Amino acid sequence: MSNPRIVIVGAGFGGIAAAIELQKHGFDELTLLEAAPEIGGTWFHNTYPGAACDVPSQLYSFSFAQRRDWPRLCPRQEEILVYLRQVARDFGVAERVICGTRVSACRWSDADQAWTVATQSGATYAADALILATGQLHQPSFPRVEGAESFAGHSFHSARWDHHYPLAGKRVAVVGTGASAVQFVPEIVEEVAHLTVFQRTGNWFMPRKNRPYPRVVRAAVQTVPGLQSARRAFWFHYGELLTFAIRHPGTVGKVVHQASKAFMRWQLKDPVVREQVWPDYTFGCKRVLFGSNFLPALQREHVELVTDAVAGMAAEGVVTADGRLHPVDCVIWGTGFKTNDFMFGMEITGSGGRSLREAWTGGAHAHLGLTVPGFPSMFVMYGPNTNTSGGSIITYLEAQARYLRQALQELRRRGAGAIVVRPEVEAASDRELQARFAGTAWTRCDSWYRDDSGRIVANWPGYMREYLKATELLDPGDFAFLPGAT
Ligand code: NAP
């Protein structure tokens, strides 16, 4: 196949990374389908106050599109969005994105050796290769709460922030204390009349102030040769150090844990709140939260931290398991995403009419997070076991883009119809990967990294450098090449 038709589902960082890599290597029959009205993925949807990345900008940006004018260490949502759109334009892939197009189903035809991608509007696209770049964190998760429909106030999810609803002077409930809530609670605490924060599990914290750079730092980054790349290298190794701590909770993990404890003790002056917040699980098991403003916000006079479980809702507010009614005007669900669903807003059907849902009944798995047996010429960006607890997802996405580009080059070189990972290769790499979790902090509590059976399906168990190495050179022997349709 000289020039395969490629459909990429999703135009966030993953889809854009894949498109740039493929286009650079001469694959120009490329279409990106994006459900949202604009490019951006998670950075389009998450506009809550204070939304930012807690990974420094030098690392949370493409290696091939570094910019020196980030105004602060950790980029804000709007800055990231502007960056991603600019990169998409600069590399000539923006015009390949069809926005406002929600994919409902992708079906492989053994007879045609091709994918048919169907959209909600009824349009279809034929593709020789399919790249699913919908990410792990795109379907907002709402807990099933009894009586939710009886609530007379207003409510919304943090990933679909209602900017038209004025919070000023209102009694507000926030359910959840994860990475999103930690960013938006300090931003809204000032304006609300009363804030009730419902916490199910406490978190380990590390400091993060993220003030705009002083002028001298900005000037140095612009003018000192090598400074930008040195900073990028520094943050790469810092991320690896965090992974080192998570991989070795009994040794290095203890040292980093001490630093987190000291920071939290210093921030938590109120002994009651301190006791409520203090986590009871191994440092690094859940995502460590970077924020210097959340714990102080919890100790404000007009803020109440509630650790009783949310049991139901009444017209007036939230009811906790102890039977208490917490009257509020608005509930903000900071309850995260349906992470184990992967791209299950869509029906994906592979060879022999087998659905991906069926293939993944025992938990999602894919060779290097990218390829699934029985799903020819299909690649998943940010697929199973490619999330990181230390480092930047952009590093992984670039590696995935290079790997799938090699797969398609091999397909092109051989003139084959499709490429599909061998089941025994995928099974072996999955076994090896799962075994690498043994002894790590990730195994020591429940978290969104696991599926219902307890299997860790979100995270890569090692270092960024290991993933880069594993994906650097595609081994054609790991794949079967199917003849083209006759
Ligand atoms: P999250 O980390 O999954 O947090 C969800 C929160 O809701 C948790 O505190 C969870 O408690 C709580 N929760 C869920 N169901 C509940 C229920 N029924 N009752 C009470 N509490 C409930 O979600 P998120 O904060 O939106 O963040 C998701 C991910 O997005 C992060 O882990 C991170 O990877 C990414 N993110 C990154 C950044 C960044 O700066 N890079 C910023 C925001 C988000 P439990 O802990 O008990 O489950």
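Here the structure is shown first, and the text comes after it.
This report concerns the structure included in the present document. (Residues numbered from 1 in each chain as written. Predicted model: local features only at pLDDT ≥ 70, side-chain atom pairs only at ≥ 80, totals over all residues. Heavy atoms only, no water.)

1. Quick notes on the overall build of the chain
- Looking only at helices and strands, one finds 13 helices and 21 strands in the chain.
- Relative to its length of 486 residues, the chain is compact, with a C-alpha radius of gyration of 23 Å against a globular reference of 23 Å.
- Principal axes of the C-alpha set define a box for the chain whose edges measure 70 × 55 × 45 Å.
- For the chain, the proportion of its 486 residues judged to be buried stands at 56%.
- Expressed as a percentage of contacts within the chain between residues at least 6 apart in sequence, the contacts between residues at least 24 apart total 72%.
- Total accessible area on the chain is roughly 20200 Å²; 52% of this is exposed by carbon and sulfur atoms.
- Within the chain, one finds 49 positive and 46 negative side-chain charges whose respective centroids are separated by 7 Å. (Helix = DSSP H or I, 4+ residues; strand = E, 2+ residues; numbered from the N terminus. Rg over C-alpha atoms; globule rule 2.2 N^0.38 Å. Buried < 20%, exposed > 50% of the residue type's maximum accessible area, 1.4 Å probe, protein only. Contact = heavy atoms within 4.5 Å. Areas by Shrake-Rupley, 256 points an atom, 1.4 Å probe, with all protein chains shown as cover. Lys, Arg positive; Asp, Glu negative; His and termini not counted. Charge placed at Lys NZ, Arg CZ, Asp CG, Glu CD.)

2. Things to note about the state of the cysteines
- Evaluated as defined, the whole model comprises 1 disulfide.
- The disulfide partner of cysteine 285 is cysteine 445, and the gap between their sulfur atoms is 2.0 Å. Here the S-S torsion is close to -105°, and the disulfide linking cysteine 285 with cysteine 445 is therefore left-handed. Of this pair, cysteine 285 sits in the loop between α8 (271-277) and β12 (289-290) while cysteine 445 sits in the loop between α12 (423-435) and α13 (464-472), placing them 160 residues apart in sequence.
- The class for cysteine 445 is buried, based on a relative accessible area of 14%.
- With no disulfide of its own, cysteine 106 has cysteine 99 as its nearest cysteine by sulfur position, at a separation of 17 Å. (Disulfide = S-S within 2.5 Å.)

3. Some details on the nonpolar core
- One finds Phe13, Ile16, Phe62, Leu195 and Ile332 to be the most contacted residues of the largest nonpolar core, which totals 115 residues.
- Counting residues per element, this core draws most heavily on helix α11 (residues 393-414), which supplies 11 residues.
- Taken domain by domain, the makeup of this core includes at least three residues from each of domain 1 (6-139 + 339-482) and domain 2 (148-204 + 250-333).
- Grouped together as the second largest cluster of nonpolar side chains are 27 residues, Met343, Leu356, Ala364 and Ala418 included. (Core = buried A, V, L, I, M, F, W, Y, C linked by side-chain atoms within 4.5 Å. Domains from an automatic or database assignment.)

4. What to know about the packing of helix α1 (residues 13-24) against helix α3 (residues 77-90)
- At their nearest, the axes of α1 and α3 sit 10 Å apart, and the two run at 20° to each other. Here α1 is positioned roughly parallel relative to α3, judged by the angle of their axes. Crossing handedness for the pair α1 and α3: left-handed. In contact with Phe13, Ile16 and Ile20 of α1, α3 contributes Ile80, Tyr83, Leu84, Val87 and Ala88.
- Of the residues belonging to the contact of α1 with α3, the class tally is 8 nonpolar, no polar and no charged. (Axes fitted to C-alpha atoms, helices over the stretch in contact; angles between N-to-C directions. Parallel < 35°, antiparallel > 145°, perpendicular 65-115°, else oblique. Left-handed = near helix turned anticlockwise from the far one by under 90°. Nonpolar A, V, L, I, M, F, W, Y, C, P; charged D, E, K, R; others polar.)

5. Comments concerning the pairing of strand β14 (residues 310-314)
- One ladder, built from 4 bridges, connects β14 with strand β15 (residues 317-320); its direction is antiparallel. Within the sheet, the bridge partner assigned to methionine 313 lies in β15 and is valine 318.
- Here β14 folds back onto β15 in antiparallel fashion, the turn holding 2 residues. (Pairing = 2+ DSSP bridges.)

6. Regarding the environment of aspartate 322
- Structurally, aspartate 322 is set in the loop between β15 and β16 (325-327).
- Placed 120 residues apart in sequence, aspartate 322 and glycine 202 show a C-alpha to C-alpha distance of 19 Å.
- Within the local environment of aspartate 322, its side chain forms a polar contact with the side chain of threonine 320, the two groups lying 2.6 Å apart.
- In this structure the side chain of aspartate 322 is engaged in a polar contact, spanning 3.2 Å, whose partner is the backbone nitrogen of arginine 324. (Polar contact = N/O pair within 3.5 Å; in protein donor to acceptor, adjacent residues only side chain to side chain.)

7. Some points on the side chain of serine 158
- Assignment of secondary structure puts serine 158 in the loop between β8 (154-157) and β9 (171-175).
- When sequence neighbours within four positions are dropped, the list of residues in contact with serine 158 reads Asn46, Tyr48, Ser180, Phe184, Ile332, Trp333 and Gly334.

8. Overview of the pattern of salt bridges
- Throughout the structure, instances matching the rule amount to 17 salt bridges.
- In this structure, the salt-bridge partner of glutamate 21 is arginine 405, at a minimum N-O distance of 2.7 Å. On the criterion of sequence distance, the pair formed by glutamate 21 in helix α1 and arginine 405 in helix α11 is long-range, its members being 384 residues apart.
- By relative accessible area, which is 9% here, glutamate 21 ends up buried.
- Here glutamate 347 and arginine 357 are joined by a salt bridge, their closest N and O atoms 3.7 Å apart. Separated by 10 residues along the polypeptide, glutamate 347 in strand β18 (residues 347-349) and arginine 357 in helix α10 (residues 356-359) bring together distant segments of the chain.
- Judged by relative accessible area, arginine 357 falls into the partly exposed class, the value being 39%.
- Connected through shared salt-bridge partners, Glu410, Arg413 and Arg414 make up one network. (Salt bridge = Lys/Arg side-chain N within 4 Å of Asp/Glu carboxyl O.)

9. Section: α12
- Here α12 contains 13 residues, and its C-alpha end-to-end distance of 18 Å stays within 8% of the 18 Å for a straight helix at 1.5 Å per residue.
- Residues of α12 that are buried make contact with β20 (418-421). (Expected span 1.5 Å × (residues − 1).)

10. Some thoughts on the side chain of glutamine 113
- Tracing the sequence through the fold places glutamine 113 in the loop between β4 (103-109) and β5 (114-119).
- Polar side-chain contacts of glutamine 113 include one of 3.1 Å to the backbone oxygen of aspartate 110.

11. A word on the packing of aromatic side chains
- Scanning the model with the defined rule gives 24 aromatic pairs in all.
- Between the aromatic rings of tyrosine 396 and tyrosine 467, the centroid separation amounts to 5.0 Å while the plane-to-plane angle is 35°, which identifies the pairing as tilted. Placement of tyrosine 396 in helix α11 and of tyrosine 467 in helix α13 is noted, with a sequence separation of 71 residues between them.
- Judged by relative accessible area, tyrosine 396 falls into the buried class, the value being 2%. (Phe/Tyr/Trp six-rings, centres within 6.5 Å; stacked < 30°, edge-to-face > 60°.)

12. Some details on the sheet that holds strand β10 (residues 194-198)
- Read from one edge of the open sheet, 5 strands run β8-β17-β9-β10-β13, paired in parallel fashion. Looking at which strands have only one partner, the edges of the open sheet turn out to be β8 and β13 (303-306). Mean inter-strand twist for the sheet, computed between neighbouring axes without regard to direction, equals 15°.
- Across 4 bridges, the pairing between β8 and strand β17 (residues 330-333) is parallel. Among the inter-strand pairings, serine 155 is bridged to a residue of β17, identified as valine 331.
- Where helix α4 (residues 179-188) meets the sheet, its contacts fall on β9, β10 and β17, and the angle it forms with β9 comes to roughly 170°.

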